[in-house]
Amino acid sequence: MLIGGIEAGGTKFVCAVGEESGEIIAKTSFPTEEPAETFQEVKRFFHSHKVEAIGIGCFGPVDLDKKSATYGMILNTPKTKWKQYDVLTKLKSDLKVPVYIDTDVNAAALAEYKYGAGRDVNNCMYITVGTGIGAGYVQDGETYVGKSHPEMGHVLIQQHKDDPFTGCCPYHGNCLEGLASGPAIEQRYGKKGAQLAADRNVWELEAYYLAQAIMNYVLVLSPERIILGGGVMKQKQLYPLIRRKVLDLVNDYVGIDNVDTFIVAPKLHDEQGVRGAMALVSSD
Ligand code: ADP
Ligand code: ZN
């Protein structure tokens, strides 16, 4: 059977159609505009690519409590036009097929678990460090949702004593996302991360923040593997810096056998979001 996947990101939407095995047959992407225009594009794509079911990995926060009256609705986003937008009902009524919804990062974690960097483990985390910071977690092929879903990008961490930046999270100021997202880097230094590639101090500080969060995730979830993706992680020098700082922080309290295979890059080359969305159909 043909299934569809939608990676619904705050910056862009990716739609794909493919086989249940995860192979993509056709794919498109377009910028995230206001909901009506964006779903018009979604409808157009799936009108010419018929599918029997669709999975959507959605930016959030989104209500994932199946018992809730607002299940499948976007909640408290700074994108005002999307606030209280009922993504699930809209897709079901436009496309007339079963729709499975989860967070964008849970979908990405699921794809890496099934087809990518988490294939050989029983559980893994996927963390995106991009416009925002978010993390998803998969255990034995099931994404972890909880009451609604975790928001691990907003954990509180210790600010570096030499960092005067007050943080850019509209809700918490200097939470992890407020200090270490792509926009945080840009606002702190007045330049985009890509233009700061050669400045070692930038990436030392970035790794300082990300390692603290990873230390906390290790203590709370005890994951077998941590996959770090997103635009900021295009700075490959971050991986060894983060690995070293995580080892320092954990300080042998919990065993990390091989940090090089514990903290890794994604393997699905920016397709984890949409392939994970497709995988939501068969994992439900
Ligand atoms: P999104 O999170 O919006 O889905 P991305 O994961 O591509 O998209 O993240 C975008 C963020 O990543 C931006 O803040 C951008 O400045 C930053 N970014 C993109 N490429 C790089 C790079 N090569 N080095 C550092 N930061 C980058
Ligand atoms: Zn926050």
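None of these values were measured; they are calculated from a predicted model.

**Things to note about the domain arrangement of the protein chain**
Under the domain assignment used here, the protein chain contains domain 1 (3-106 + 270-283) and domain 2 (119-264). Placing the centre of domain 1 and that of domain 2 at their C-alpha centroids yields a distance of 25 Å. The partner domain 2 presents 20 residues to the 16 residues of domain 1 that form the contact. The junction of domain 1 with domain 2 conceals about 1,300 Å² of combined surface from both sides, 48% of it contributed by carbon and sulfur atoms. Counting across the interface, domain 1 meets domain 2 through 1 salt bridge. Ionic pairing is found between Asp270 and Lys234, a salt bridge with its closest N-O pair at 3.5 Å. Our count for the contact surface shared by domain 1 and domain 2 stands at 8 residue pairs in polar contact (both at pLDDT 80 or more). Every element with two or more residues in the side of domain 1 that touches domain 2 is listed here: β5 (99-103), α3 (104-115) and α9 (272-283).

**A closer look at the coordination of the zinc ion (ligand 2)**
Six octahedrally arranged donors around a metal ideally form angles of 90 or 180 degrees; four tetrahedrally arranged donors ideally form angles of 109.5 degrees. Distances from the zinc ion (ligand 2) to its protein donors, His154 (ND1), Cys169 (SG), His172 (ND1) and Cys175 (SG), fall within 2.0 to 2.3 Å. Around the zinc ion (ligand 2), the 4 donor atoms sit at angles spanning 102 to 122°, and that spread fits a shape best called tetrahedral. Site description for the zinc ion (ligand 2): donor spacing in sequence, H-x14-C-x2-H-x2-C. The exposure class assigned to His172 is partly exposed, which follows from its relative accessible area of 40%. What makes Cys175 buried here is its relative accessible area of 0%.

**Quick notes on the packing of aromatic side chains**
Within the structure shown, the criterion is met by 9 aromatic pairs. Seen from their ring centres, Phe13 and Trp82 are 5.9 Å apart, and the 35° between their planes marks the pair as tilted. Placement of the pair is Phe13 in strand β2 (residues 12-19) and Trp82 in the loop between β4 (53-58) and α2 (87-95), with a sequence separation of 69 residues. Classification of Phe13 as buried rests on a relative accessible area of 0%. A relative accessible area of 2% places Trp82 in the buried class.

**Quick look at a nonpolar patch on the surface**
Among the surface-exposed residues, Leu219, Val220 and Tyr253 lie close enough to one another that they form a single nonpolar patch of about 390 Å² accessible area. Checked against the element boundaries, Val220 lands in helix α6 (residues 200-221).

**Comments concerning the environment of Gly57**
Turning to its location among the elements, Gly57 is positioned in strand β4. Considered as a pair, Gly57 and Val145 are 88 residues apart in the sequence and their alpha carbons are 12 Å apart. In contact with Gly57, other than residues within four places in its own chain, are Ile6, Glu7, Ala8, Asp102, Thr103, Asp104, Ala107, Ala277 and Leu280.

Reading guide: rules and limits
- Residues numbered from 1 in each chain as written.
- Chains lettered and ligands numbered in written order.
- Predicted model: local features only at pLDDT ≥ 70, side-chain atom pairs only at ≥ 80, totals over all residues.
- Heavy atoms only, no water.
- Domains from an automatic or database assignment.
- Contact = heavy atoms within 4.5 Å.
- Buried area = accessible area lost by both parts, 1.4 Å probe.
- Salt bridge = Lys/Arg side-chain N within 4 Å of Asp/Glu carboxyl O.
- Polar contact = N/O pair within 3.5 Å; in protein donor to acceptor, adjacent residues only side chain to side chain.
- Helix = DSSP H or I, 4+ residues; strand = E, 2+ residues; numbered from the N terminus.
- Donors = N, O, S within 2.8 Å, 3.2 Å for Na, K, Ca; no water.
- Tetrahedral: all angles 85-135°; square planar, octahedral: opposite > 155°, others 65-115°.
- Buried < 20%, exposed > 50% of the residue type's maximum accessible area, 1.4 Å probe, protein only.
- Phe/Tyr/Trp six-rings, centres within 6.5 Å; stacked < 30°, edge-to-face > 60°.
- Patch = residues over 30% accessible without salt bridge, like charges linked within 9 Å, V, L, I, M, F, W, Y side chains within 5 Å.
- Areas by Shrake-Rupley, 256 points an atom, 1.4 Å probe, with all protein chains shown as cover.

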